[in-house]
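Next come the chains, spelled out residue by residue.
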2 protein chains.
Amino acid sequence: MISGERFSVVYDLVGDRQEAMEKAKDICLEQTVEFPEELLPSGMICDHVVGRIESFDSLDRERYRTVISYAVETTANELTQLLNVIYGNISIKPGISVREIKLPLSLLTCFKGPRFGRQGLRQLLKIPYRPLLHTALKPLGLSSERLAALAFDCALGGIDIIKDDHGLTNQVFAPFEERVSLCAAAVSRANQETGNSSIFIANITGPANQIIERALFAKAAGAGGLLLAPALTGFDIVREIAESDGIGLPIILHPAFQGPYVLNSLQGISHSTLFGQIARLAGADATIYPNFGGRFSFSRADCEHIVKGTTCFMGHIQSIFPSPGGGMTIERVPEMLQVYGSDVIFLIGGGLFKYGPNLVKNCQYFRSIVEQAVNY
Amino acid sequence: MISGERFSVVYDLVGDRQEAMEKAKDICLEQTVEFPEELLPSGMICDHVVGRIESFDSLDRERYRTVISYAVETTANELTQLLNVIYGNISIKPGISVREIKLPLSLLTCFKGPRFGRQGLRQLLKIPYRPLLHTALKPLGLSSERLAALAFDCALGGIDIIKDDHGLTNQVFAPFEERVSLCAAAVSRANQETGNSSIFIANITGPANQIIERALFAKAAGAGGLLLAPALTGFDIVREIAESDGIGLPIILHPAFQGPYVLNSLQGISHSTLFGQIARLAGADATIYPNFGGRFSFSRADCEHIVKGTTCFMGHIQSIFPSPGGGMTIERVPEMLQVYGSDVIFLIGGGLFKYGPNLVKNCQYFRSIVEQAVNY
């Protein structure tokens, strides 16, 4: 009943050596049996089901790093339960953070991962080398026609990925079906003029019983991809959509509502695991997060860690694109290329409107800066 | 297109007066249009769609409280998008926390709320006055037969609500359908002996495409309620299940994976809003959280706030039961009654096994202590 296969989680623990060791021992119980140790039945449960401390090292006098392994069977091969074993109850205990997860191939094979990944998305967009360009349709309150006109201009100006702003769902200003139909059609018309393969990404974050419906509608209407905010919808619906051959579109994740997991380094989940490893397990093809130096608080090191999470070895689970955004400007493209290289999706939203009154020209300028920078 | 109806969110902001005021202004844009203010089209978007600062007051020199209102239309009447407007992007900005939400009746009517609530659950269990008794089947690793035997003993001993431990999903040790069938039958057999109306609560936290299936299976197998961890599944599936007449069972929420929202008072969501107001909007009938003085870190004041959130006025949305647990012991019942009064569900899990080798007697002891305490 127990294969002996185990997966591991790297945790950082706050406290002196004794406190940290107590936390490590507590994690082994809390995340599995949640039961008084002295009353556990001997045999399989004690020997295999309870978490096991594989290593315990000091980082400094008030911080320790431990690796704890769990039997793969505790996860039931479910993403929700895997996340629960990694950080369910102990998320409510202070001073415990998840740094990294290490899954054996036997567990990884339970997840298909990204349908496209970096390579697939490049093929779809027919852009083999350069960074991809990404923008968001906004502001909330515009009509579907106005948003579609913006989508047309962005595609005409050479933006590769044109997404719904993450706050556009099914508001009366621009109802989902109307907006998605008009925006997808607008991008398709622009592609006919440019010869590009730009895609419109429909935001399908919404009521649980409408997400799949909206994905199918978006597909039929000609959308080229889907946007989801997993802290609002749950991560597992991302997996369901990524695995669905009937949908078969790239998926981009948005970090809305996820902030508390990464804002405090003493607890939560590391940037690389949340925006990289878990996003890949769920089947995302690209992961949006706030760029360093923008209007959010991520550091350059945080962003570099995310890049690692998008591409670190996870068996057959493909690498995905980091898509830094949030107050980005065109001027910062050269600096960002130094950090990210070419395998990145630059997301500029509101900032794209600032360069002048002509949105098409602003987009062309953005693209020319990226192309120039890459050619150097 | 805009009704003029607005809902409000009370935020606490960290910083001096100027910084806090900048944060308040930023929230108004970030949570709605996410667009440079100077480029916003005049008219409806500026006048209605952008958030509006309704008040701004100092709590102390480094902390301010603001009330920001939003047009109800920004939410599209969706729970996911309501949560996004309340705390989507700004969850990623430090020093902003949600203290309370205030929804007008026009928005509240979009949500049915709890199907049972406090009163409905008391009617179902036929317990008009005293606190309800709640336990969890564990440890993970036991067979379905063993778990069902525990369920029988707990019901025989007079426990009202006997739930799957939140880590029991569909593991090979005790697969979902087998476990739920056996446990529901065991509780039913015990009820025939006792004349009680105890219920078995099946944990349906699991893959997105299996949650409804599992709910229907549990119902058919005789389970008396359902357990969900909304940080793993998303909050909106709770709403879908609560609204489903075909399911029609009480729902208990579990806080696994939600810790980062409440562990740091400088950001996140208040205990009362997360475990109370949002749980009710989603349609839960009871909300589990770590009791003060147990093995987690909530304070007595945190727990008192949760109680307020479970019962504060929210139009037709019923009051729900607080269910404090996590390292609770029977000795603490009198102290807890002082804090919670009678309208509480006491959750004792592993602790119930500690009183002696006979689980039935331990449960009877738990119940007798509660009944005695209430009679004083």
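What counts, and at which threshold
- Residues numbered from 1 in each chain as written.
- Chains lettered and ligands numbered in written order.
- Predicted model: local features only at pLDDT ≥ 70, side-chain atom pairs only at ≥ 80, totals over all residues.
- Heavy atoms only, no water.
- Pairing = 2+ DSSP bridges.
- Helix = DSSP H or I, 4+ residues; strand = E, 2+ residues; numbered from the N terminus.
- Contact = heavy atoms within 4.5 Å.
- Axes fitted to C-alpha atoms, helices over the stretch in contact; angles between N-to-C directions.
- Salt bridge = Lys/Arg side-chain N within 4 Å of Asp/Glu carboxyl O.
- Buried < 20%, exposed > 50% of the residue type's maximum accessible area, 1.4 Å probe, protein only.
- Phe/Tyr/Trp six-rings, centres within 6.5 Å; stacked < 30°, edge-to-face > 60°.
- Lys NZ or Arg CZ within 6 Å of the ring centre and 35° of its normal.

A. How the structure looks around the sheet that holds strand 3 (residues 63–71) of chain A. All names here are of chain A. Across the sheet, five strands lie side by side as 2-3-1-4-10; this open sheet has mixed pairing. In this open sheet, the two edge strands, each paired with only one partner strand, are strand 2 (52–60) and strand 10 (268–269). Here two bridges tie strand 4 (residues 96–102) to strand 10, and the two strands are oriented parallel to one another. By the bridge assignment, Val98 is partnered in strand 10 with Ile269. In this fold helix 1 (residues 17–30) packs onto strand 1 (6–14), strand 2, strand 3 and strand 4, with an angle of close to 150 degrees to the strand it touches most, strand 2. Of the strands in this sheet, strand 4 and strand 10 touch helix 12 (residues 271–282), which is tilted by about 40 degrees from strand 4.

B. Structural detail: the pattern of salt bridges. In total, this model carries 38 salt bridges over all chains according to the counting rule given. For the salt bridge of Asp26 of chain B with Lys93 of chain B, the shortest nitrogen-to-oxygen distance reads 2.7 Å. Taken together, the positions of Asp26 of chain B in helix 1 (residues 17–30) and Lys93 of chain B in the loop between helix 3 (79–87) and strand 4 (96–102) put the pair 67 residues apart, joining distant regions of the chain. Under the relative-accessibility criterion, Asp26 of chain B is labelled partly exposed at 23%. Overlapping salt bridges bring together Asp12, Arg63, Arg65 and Arg99 of chain A as one network.

C. Representation of the packing of aromatic side chains within the structure. Overall, the coordinates contain 20 aromatic pairs over all chains when judged by the stated rule. Seen in terms of ring centroids, Phe35 of chain A and Phe353 of chain B are 4.9 Å apart; in terms of plane orientation they differ by 65 degrees. Their pairing is edge-to-face. In this pair, Phe35 of chain A is assigned in the loop between helix 1 and helix 2 (44–49) and Phe353 of chain B in the loop between strand 13 (345–347) and helix 15 (359–375), connecting two distinct chains. Considered together, Phe35 of chain A and Phe353 of chain B belong to a single accessibility category, that of buried residues. Between Phe56 of chain A and Tyr64 of chain A, the aromatic rings sit 5.3 Å apart at their centres with planes inclined by 10 degrees, giving stacked as the arrangement. Taking the relative accessible area as the measure of exposure, Phe56 of chain A reaches 13% and is therefore buried. Through pairs of rings, three or more aromatic residues link up here, namely Tyr87, Phe257 and Tyr261 of chain A together with Tyr87, Phe257 and Tyr261 of chain B. One residue, Arg332 of chain A, lies across the ring of Phe292 of chain A, its end atom 5.0 Å from the ring centre.

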